[in-house]
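Geometric and topological summary
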Amino acid sequence: MNGKVTRRSALLFLAVVVTAAVSLTCGAGGGENVGPSQPVAGGPASPAAAPTPAPSPVPTPAPPTPQDEPDPSPSPDCIHDTSHGVDSVSLVIYFLECGGDRIPGRPDMKNIPLGCRIHFNATPRDGMNAPTCSKTWPVWQVGPEDLVSGRDTETFTPAYTTKAPGVMSARCLVDGVRSGWIVLNIVDR
């Protein structure tokens, strides 16, 4: 019986000594806050473990754009102080360019010489008929194509060159609102 008590006492004593040694080595004794391990002064420093790189995020692919819908164009810059919505669109001939000369447009202008460039001007207007900002660029309808040619994208002031005599027409659509038609006769000089 005495042998069992002695062995048990020895094991208990050994456990207390090991616990005390571990506590002193790790710095957890004397009411200190338990924190990250610190190197013991005078002892060899253990090699620092290399940091494990964080996994790189896997990029998510953008959803596919339907083929029949064009990319939206940015909204036009606005030169007016209002953005009350478009209730009407005024369309005029701003000027003609004929043989290098600039001819101002007039409301009664109906005959356009062959070979001249027609410069249109579309102005979106609010319910009080004041110029206003639009959310979209005008969509132009100018033709027929065998009489005039020109560029008609992302502008309120497109230019079209007359190619053959005949009757042509022009209008535009801004924020779902159509301008009135301008009908012109292209004539030989």
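Residues numbered from 1 in each chain as written. Predicted model: local features only at pLDDT ≥ 70, side-chain atom pairs only at ≥ 80, totals over all residues. Heavy atoms only, no water.

Okay, the sheet that holds strand E2 (residues 101-104) next. In any sheet, the strands associate via hydrogen bonds between backbone groups, in a parallel or an antiparallel arrangement. Read across the sheet, five strands follow the order E2-E1-E4-E7-E6 without closing on themselves; strand pairing throughout is antiparallel. Among the strands making up the open sheet, the edge pair consists of E2 and strand E6 (148-150). Pairs of neighbouring strands in the sheet enclose a mean axial angle of 30°, with direction left out of account. Pairing of strand E1 (residues 88-98) with strand E4 (residues 117-125), which is carried by nine bridges, proceeds in the antiparallel orientation. Counterpart to leucine 96 in the pairing with E4 is isoleucine 118. (Pairing = 2+ DSSP bridges. Helix = DSSP H or I, 4+ residues; strand = E, 2+ residues; numbered from the N terminus. Axes fitted to C-alpha atoms, helices over the stretch in contact; angles between N-to-C directions.)

Following the sequence through the fold, arginine 171 ends up in strand E8 (residues 166-174). Arginine 171 has contacts with Leu91, Val139, Trp140, Gln141, Arg178, Ser179, Gly180 and Trp181, leaving out every residue within four places of it along the chain. (Contact = heavy atoms within 4.5 Å.)

The full count for this structure, using the stated rule, is one disulfide. Disulfide pairing is shown between cysteine 98 and cysteine 116; the S-S distance is 2.0 Å. The chirality of the disulfide connecting cysteine 98 with cysteine 116 is right-handed, given an S-S dihedral of about 125°. Of this pair, cysteine 98 sits in strand E1 while cysteine 116 sits in the loop between strand E3 (111-113) and E4, placing them 18 residues apart in sequence. (Disulfide = S-S within 2.5 Å.)

Purely geometric stuff here, so don't read any function into it on its own.
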